[in-house]
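Okay, here's what each chain looks like letter by letter:
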Amino acid sequence: MRLAWSALGAVSILLLPAASLAAEMRGVTATEIRIGQTMPYSGPVSAFGALGKGEVGYFKMLNDRGGINGRKVNLISLDDSYAPPKSVEQTRRLVESDEVALIFSSIGTAHNTAIAKYLQSKNLPQLFIGSGASKFADIAQYPQATMGVQAPFRYEARLYARYALAKNPNAKFAVISQNDDYGRDYLAGLKDVLGEKYDALVTNATYEIQDPTIDSQIVKLKASGADVFVIAATPKFAAQAIRKSFEIGWRPMTFLSNVAVWISTVMEPAGLEAGTGILSTAYVKDPDDPAWKDDPGVKDWHAFMTKYVPEADQHDTNYVNSYNSAMALEVVLKACGDDLSTENILKQAFAIHDLELPMLLPGIRINTSATDHVPVDQMQFMRFNGKTWERFGELQTGN
């Protein structure tokens, strides 16, 4: 009798509907999918908190439309003040107290590095991370991560080096960079192109995110006699670099990290005249660009922002990046159906094929595979004209 009961019990378990099984999975119930992230809502790069605000707003919109496969998405977004130890603390809370199904779009290179091993030990996906550091494409080190919906920093720096050398084969480079993996990725990209000439051609100065100013570094870099200036900095320090180089009369060919191209938080504080002629790259549509005035994707984005993030500055393209990232995660979760196990979430995250998003530039598509966790590798050059950024040239790949 005992054996017969056990067999019957086994059959009953096998016959449970898929929804019941999913309801027992981590972070998933019959009505909800819990996901988590950390954001710098305070601290030295609080401007990037816009990404979290936009993503929270996106999932509010999605939930108003019925959620994903009948479940509402609960994005728990916690402040880490851009401090890696706090990122670890808040991520542990998300995993162990909130029991989220995955970590999504947490900001920062050092921060995502700090939490990666812990998340791997908990078998938790780390999706569309808020960093363009190329290290996260290393599947051996980060098997459960996908890079964000942005081109890697290293790829970006390669494009800058190639462009500068095409204009001046004898160019010398000066770089201001954040003293962490974010800044070092730009140096690595330059070295990829310059090769054995790197040490002779590149002068680098670094800063810490706690520094009040980088004026002395900019003066040092001007003294190097460089023809090309690469600003591998977050918004606050990018604005300082642009302003100081202008004040001391240093006007080399200047490239600005595309994480710091925001007009309201970088170009205006630096002085619009000071930024005129600076080069960068783009992979998203700029809502301020008159070329997109009648674009359906941009119109939908404005409508979303007005309703779901009404307090936001719609000139801040961070909100475009947040929209793209949230939309990409929506596609992955929809593809999972009722199987929201870690294994299936990762399977779908690593199987995106030619996904077009309405706020990516035309021709840029998201692709991932089991051997390629870099969703975007294309960019287009743009130049600041004193008022807006103007795109020019064809799409470029940083591979």
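Computed from a predicted model, the values in this text were never measured in an experiment.

Caption draft 1: Geometry of the overall build of the protein chain. Within the protein chain one finds 15 helices and 12 strands. A compact globule built from 399 residues would reach a C-alpha radius of gyration of about 21 Å, and the protein chain, at 22 Å, matches this within 12%. The principal-axis extent of the C-alpha atoms belonging to the protein chain is close to 90 × 45 × 35 Å. Relative to its 399 residues, the protein chain shows a buried fraction of 55%. Accessible surface, the protein chain: about 16,300 Å² in total, of which carbon and sulfur atoms supply 53%. In the protein chain, 38 side chains carry a positive charge and 44 a negative one; their mean positions are 1 Å apart.

Caption draft 2: View of empty space enclosed by the protein. Applying the stated criterion to the full structure yields 2 cavities of 30 Å³ or more. Put simply, the largest cavity is a space of about 310 Å³. Of the residues assigned to the lining of the largest cavity, the class counts are 12 nonpolar, 13 polar and 1 charged. Roughly 180 Å³ of internal volume is contained in the second largest cavity. What lines the second largest cavity is a set of 19 residues, and nearest its centre among them are Val261, Trp262, Val284, Thr317 and Met382. Here the lining of the second largest cavity is built from residues that sort into 9 nonpolar, 5 polar and 5 charged.

Caption draft 3: Focus on helix H4 (residues 84–96). For H4, with 13 residues, the first-to-last C-alpha span of 18 Å sits near the 18 Å given by 1.5 Å per residue. Those residues of H4 that sit buried are Ser87, Gln90, Thr91, Leu94 and Val95. Projection of H4 onto a plane perpendicular to its axis shows the buried side chains occupying an angular sector of 140°, all on one side. Seen from the open side of H4, the exposed residues pointing more than 90 degrees away from its buried face are Pro85 and Glu89. Against the buried residues of H4 lie strand E1 (32–39), strand E2 (72–79), strand E3 (103–104) and helix H5 (109–121).

Caption draft 4: Up close: the nonpolar core. Ranked by size, the top nonpolar core spans 125 residues in total, and within it Phe59, Ile176 and Leu256 carry the most contacts. The biggest single contributor to this core is helix H14 (residues 318–336), with 10 residues. The residues touching Phe59, leaving out its near neighbours within four places in the chain, are Ile35, Val73, Leu75, Phe104, Ala326 and Leu329. Residues Ile76, Leu94, Ile103 and Tyr118 belong to the second largest nonpolar core, which totals 10 residues.

Caption draft 5: Spatial organisation of the pairing of strand E8 (residues 228–232). Summarising burial for E8: 5 of the 5 residues are buried, a large majority. Of the two faces of E8, both are covered, the one formed by Val228, Val230 and Ala232 as well as the one formed by Phe229 and Ile231. In the sheet, strand E6 (residues 173–178) pairs with E8 via 5 bridges, with the strands oriented parallel. What sits directly across from Ser177, in E8, is Ala232. The pairing of E8 with strand E9 (residues 253–256) spans 4 bridges and is classified as parallel. From the neighbouring strand, Phe229 faces E9, where its bridge partner is Thr254. For the crossover that starts at E8, traverses helix H10 (residues 235–247) and ends in the parallel E9, the hand is right-handed.

Caption draft 6: The pattern of salt bridges, seen in detail. As enumerated under the stated definition, the model contains 14 salt bridges in all. Salt-bridge contacts for Glu247 lead to Arg243; the nearest nitrogen and oxygen are separated by 3.3 Å. Pair noted here: Glu247 and Arg243 are both in helix H10, with a separation of 4 residues, about one helical turn. Through salt bridges with shared partners, a single ionic network connects Lys135, Asp181 and Arg184.

Caption draft 7: Inspection of the packing of helix H13 (residues 296–308) against H14 at higher detail. Put simply, H13 and H14 touch, their axes get as near as 11 Å, and they point 100° apart. Regarding the angle of H13 to H14, the classification is roughly perpendicular. On H14, the residues touching Asp300, Trp301, Phe304 and Met305 of H13 are Tyr319, Val320 and Tyr323. Split by residue class, the contact of H13 with H14 holds 6 nonpolar, no polar and 1 charged.

Caption draft 8: Just the packing of H4 against H5, in detail. The N-to-C vectors of H4 and H5 enclose an angle of 40°; their axes lie 9 Å apart at closest approach. With respect to their mutual orientation, H4 and H5 come out oblique. Once H4 is placed against H5, the crossing between them reads as right-handed. Here Pro84, Ser87, Val88, Thr91, Arg92, Val95 and Glu96 of H4 lie close against H5, whose contacting residues are Ala110, His111, Ala114, Ile115, Tyr118 and Leu119. Counted by class, the contact of H4 with H5 contains 8 nonpolar, 3 polar and 2 charged residues.

Caption draft 9: A look at the layout of surface pockets. Roughly 230 Å³ of internal volume is contained in the largest pocket. As for the largest pocket, its lining consists of 15 residues, and the residues nearest its centre are Tyr58, Met61, Arg65, Asp300 and Tyr323. With 5 residues, the top contributor of residues to the lining of the largest pocket is H13. Of the residues that constitute the lining of the largest pocket, the class distribution is 9 nonpolar, 1 polar and 5 charged.

Rules behind the numbers
- Residues numbered from 1 in each chain as written.
- Predicted model: local features only at pLDDT ≥ 70, side-chain atom pairs only at ≥ 80, totals over all residues.
- Heavy atoms only, no water.
- Helix = DSSP H or I, 4+ residues; strand = E, 2+ residues; numbered from the N terminus.
- Rg over C-alpha atoms; globule rule 2.2 N^0.38 Å.
- Buried < 20%, exposed > 50% of the residue type's maximum accessible area, 1.4 Å probe, protein only.
- Areas by Shrake-Rupley, 256 points an atom, 1.4 Å probe, with all protein chains shown as cover.
- Lys, Arg positive; Asp, Glu negative; His and termini not counted.
- Charge placed at Lys NZ, Arg CZ, Asp CG, Glu CD.
- 1 Å grid on protein atoms, 1.4 Å probe; cavity = no way out; pocket = protein on both sides within 12 Å on 5 of 7 lines; lining within 4 Å.
- Points joined across faces, edges and corners; volume = space filled by probe spheres on them.
- Nonpolar A, V, L, I, M, F, W, Y, C, P; charged D, E, K, R; others polar.
- Expected span 1.5 Å × (residues − 1).
- Arc of directions from axis to C-beta.
- Contact = heavy atoms within 4.5 Å.
- Core = buried A, V, L, I, M, F, W, Y, C linked by side-chain atoms within 4.5 Å.
- Pairing = 2+ DSSP bridges.
- Right-handed = clockwise from strand over helix to strand, strands pointing away.
- Salt bridge = Lys/Arg side-chain N within 4 Å of Asp/Glu carboxyl O.
- Axes fitted to C-alpha atoms, helices over the stretch in contact; angles between N-to-C directions.
- Parallel < 35°, antiparallel > 145°, perpendicular 65-115°, else oblique.
- Left-handed = near helix turned anticlockwise from the far one by under 90°.

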